[in-house]
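# Inside the fold
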Amino acid sequence: MTATSVTSLTVNTRVYEGQKPGTSGLRKAVKVFQQEHYTENFVQATLHALGDQLTGCTLVVGGDGRFYVREAVTRIIRIAAANGVRKLIVGQNGILSTPAVSTIIRKYKTQGGIVLTASHNPGGPDADFGIKFNCDNGGPAPDNITNKIYEITKTLQSYKIIPDIGIDIDKVQSVSIEVDGKPFTVDIINSVKDYVELMKEIFDFASIKKLLQGSTDRPAFKVLINSMNGVTGPYVKQIFSNELGVDDTSLVNIKPLEDFGGLHPDPNLTYAKDLVNAIKEGPYDFGAAFDGDGDRNMILGKKAFFVTPSDSLAVLAANLKLIPYFQKTGVKGYARSMPTAAAIDRVAVKNNAKFFEVPTGWKYFGNLMDAGNLSLCGEESFGTGSDHIREKDGLWACLAWLNVIAGLGKSVENILLDHWKVYGRNFFTRYDYENCDSACADKMMLSIETLVEKPDFIGRKLQYEGKEYIVKQVDNYSYTDPIDGSKATKQGLRILFADGSRIVFRLSGTGSSGATIRMYIDSYENDPVTFEKDAQLILKPLINIALDLSELCQHTGRNAPTVIT
Ligand code: G6P
Ligand code: ZN
């Protein structure tokens, strides 16, 4: 602990257009953040938006280890000090996974936190960066707060800073200085400790360990975990190697790198191909990968049997009672985002549990959890989580699966097959068209809306190669939060069919340039003959109907999606 006294400076700035946080914070190219005052402006606006809470508050700061995180942490320390923040809790080396930030905010009851990440977007000097504010419940700031931040950025004239504060963030330590006569403390903390402690309270580590180590009556269950050079590496090392005794050769890409080693750290079949191939060819029973900031997950079984995020959610929902945390808390309710396949809906009906559908974005689950209505939720975009924190949580999902596997004593594939036998199967796919021209994408959305709004569209029979779907309902999805009554409109065009199948079109809110069009297809089958079939095959008619009615290829000039999940 050192005690020096410093004074804050006010620096005149200029307004930067477009500092509007998207689905998950402000996300732009690193080069954009590197412009003079750009980062400072957004941080100042974020602090301003705290209003009365700012003076004397404690905030958590950390990021996914990508390029510019360290720089941003240094600036945040200097700006926070000048703005009357009482204390910052900062991850060592600037490292904190998104779920860890949420954990620490809740554990130490801070007024919020700043997460430095562009999630699954590539990193490095020529790639992306992001800044996201999380509130005192540990969750991403809701629309009313992000809108407030944006409004402030539009007129910001100056920011406050203490340019000469230099704190070594690589060392676990507590540093106190006196700023304008008041104490200001920076605690550099071990990045993994609090999070790992929480995981050990939630899951049955002893039975997971037994599963992974094997016993006289069961061979070791072999896992391959891939952190994609993102932030989860140190967490994976602590949990899988030190706690569960897994051999280091089964833990890959566990050193966080500023450019993720050139990987696109998004755990799906396209970007996590290495994992898929290794599992296809290797002796593994289970594989998992996580994104840059550790909130997303992908789960694979033997021979790379793929568990869709929507199925993953439904299977966990059906087996929550195997997890100690839910034995204690009970199951309060389930939720999914609107485009996510409706598999979990069926589990909710069978269990007579509360169920909610919300727009895309984890922030929409927060109020339901805070009100005690929601235990488990997820999104098709590889996000799964529970009310243990207010972010989705990649490692949590992986441990939840291992806890369930240990309890059921079955392979991943057999768990899915047995699940479908009970509930039927929701086949699901998402087609992404990344980096389209924004004007063309807007035009396409508008023309789909115009088409589906025609009064005679309802009841229309859409056909492809003999398969027919009858339109039952169409809308541009809107949501009213049942807890605070806030409304989110224009959240995606939905075409709902009589048999429960759905086509959804949305523009992504997380891209950093151009427009990403997402086309979601969800179709329910309860004939067991279909269960083991390929989703692309079963969904072919609906995919073609969707491409046809949207005229997507004509609008975008794209003949194929960038990514299929
Ligand atoms: C982030 C958010 C998720 C969201 C996903 C996709 O990961 O945390 O809640 O589902 O982005 O969002 P997008 O707007 O790109 O479809
Ligand atoms: Zn993420």
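Computed from a predicted model, the values in this text were never measured in an experiment. (Residues numbered from 1 in each chain as written. Chains lettered and ligands numbered in written order. Predicted model: local features only at pLDDT ≥ 70, side-chain atom pairs only at ≥ 80, totals over all residues. Heavy atoms only, no water.)

### Observations concerning the UniProt feature "domain: Alpha-D-phosphohexomutase alpha/beta/alpha" (unreviewed entry) in the protein
The residues that UniProt annotates with the feature "domain: Alpha-D-phosphohexomutase alpha/beta/alpha" (unreviewed entry) are residues 19–159, 194–300 and 311–423. For residues 19–159, the helix share is 35%, the strand share is 23%, and the end-to-end C-alpha distance is 15 Å. The span residues 194–300 is 36% helical and 14% strand by assignment, and the distance between its end C-alpha atoms comes to 28 Å. (UniProt positions renumbered as here; feature names shortened; annotations may be inferred. Helix = DSSP H or I, 4+ residues; strand = E, 2+ residues; numbered from the N terminus.)

### A word on the domain arrangement of the protein
The assigned domain composition of the protein is domain 1 (5–190), domain 2 (195–423) and domain 3 (425–564). Each of domain 1 and domain 3 was reduced to a C-alpha centroid, and the two centroids are 37 Å apart. Contact with domain 1, which involves 9 residues of that partner, is made by 5 residues of domain 3. Counting each side, the surface lost to burial between domain 1 and domain 3 is near 460 Å², with a carbon and sulfur contribution of 39%. Between domain 1 and domain 3 we count 0 salt bridges in total. (Domains from an automatic or database assignment. Contact = heavy atoms within 4.5 Å. Buried area = accessible area lost by both parts, 1.4 Å probe. Salt bridge = Lys/Arg side-chain N within 4 Å of Asp/Glu carboxyl O.)

### Here we look at the pattern of salt bridges
The full count for this structure, using the stated rule, is 32 salt bridges. For Glu-357, the salt bridge goes to Arg-502, with nearest N and O atoms at 3.6 Å. Here the residue Glu-357 occupies a position in strand 17 (residues 355–358), and Arg-502 occupies one in strand 26 (residues 502–507), the gap between them amounting to 145 residues. Residue classification places Glu-357 among the partly exposed positions, given a relative accessible area of 21%. Bridged by salt links that share partners, the residues Arg-336, Asp-345, Glu-357, Asp-475, Arg-494, Arg-502 and Asp-522 form one connected network. (Buried < 20%, exposed > 50% of the residue type's maximum accessible area, 1.4 Å probe, protein only.)

### Some words on the site of ligand 1
Close to ligand 1 lie 14 residues; Glu-379, Lys-392, Arg-506, Thr-510 and Arg-518 are nearest. One nitrogen or oxygen atom from the main chain of Trp-362 is found 2.9 Å from an oxygen atom belonging to ligand 1. At a separation of 2.5 Å, an oxygen atom of ligand 1 approaches a polar side-chain atom of Glu-379. Within the complex, 98% of the 390 Å² of free accessible area of ligand 1 lies under protein. Taken together, the residues that form the shell around ligand 1 break down as 1 nonpolar, 8 polar and 5 charged. (Near = heavy atom within 4 Å. Polar contact = N/O pair within 3.5 Å; in protein donor to acceptor, adjacent residues only side chain to side chain. Areas by Shrake-Rupley, 256 points an atom, 1.4 Å probe, with all protein chains shown as cover. Nonpolar A, V, L, I, M, F, W, Y, C, P; charged D, E, K, R; others polar.)

### Regarding the environment of Ile-131
With respect to the helices, strands and loops of the structure, Ile-131 is situated in strand 7 (residues 128–134). Along the chain, Ile-131 and Tyr-524 lie 393 residues apart, while their C-alpha atoms are 38 Å from each other. Setting aside anything within four residues of it in sequence, one finds Ile-131 in contact with Gly-25, Leu-26, Phe-33, Thr-39, Phe-42, Val-43, Ile-114, Val-115, Leu-116 and Thr-117.

### Description of the environment of Ile-89
As for its position among the elements, Ile-89 is in strand 5 (residues 87–95). By relative accessible area, Ile-89 is classed as buried at 6%. Sequence separation between Ile-89 and Thr-110 is 21 residues; the distance between their C-alpha atoms is 9.2 Å.

### Section: the sheet that holds strand 3 (residues 26–29)
In space, the 8 strands of this open sheet follow the order 1-9-10-5-4-6-7-3, with mixed pairing throughout. Only two strands of the sheet have a single neighbouring strand rather than two, namely strand 1 (5–6) and strand 3. By the bridge criterion, 4 bridges tie strand 3 to strand 7 in an arrangement that is antiparallel. Bridge pairing links Ala-29 to Asp-128 in strand 7. Sheet contacts for helix 2 (residues 38–48): strand 3, strand 4 (58–63) and strand 7; angle to strand 7, the most-contacted strand, approximately 15°. (Pairing = 2+ DSSP bridges. Axes fitted to C-alpha atoms, helices over the stretch in contact; angles between N-to-C directions.)

### Considerations on helix 4 (residues 98–107)
Burial analysis of helix 4 places 8 of its 10 residues in the buried class, which makes it a mostly covered element. Thr-98, Pro-99, Ala-100, Val-101, Ser-102, Thr-103, Ile-104 and Ile-105 are the residues of helix 4 that are buried. Its side-chain oxygen at 3.0 Å from the backbone nitrogen of Ala-100, Ser-97 defines the N-terminal cap of helix 4.

### Topic: the nonpolar core
The biggest cluster of nonpolar side chains holds 73 residues, and the ones touching the most others in it are Phe-240, Phe-286, Trp-396, Trp-401 and Leu-402. Examining the composition of this core, we find that 11 residues originate from one element, helix 14 (residues 394–408), more than from any other. Built from parts of two domains, this core gets at least three residues from each of domain 1 (5–190) and domain 2 (195–423). Apart from residues lying up to four places away in sequence, Phe-240 is in contact with Leu-212, Ile-225, Gly-245, Val-246, Leu-251, Leu-395, Cys-398, Leu-399 and Leu-402. (Core = buried A, V, L, I, M, F, W, Y, C linked by side-chain atoms within 4.5 Å.)

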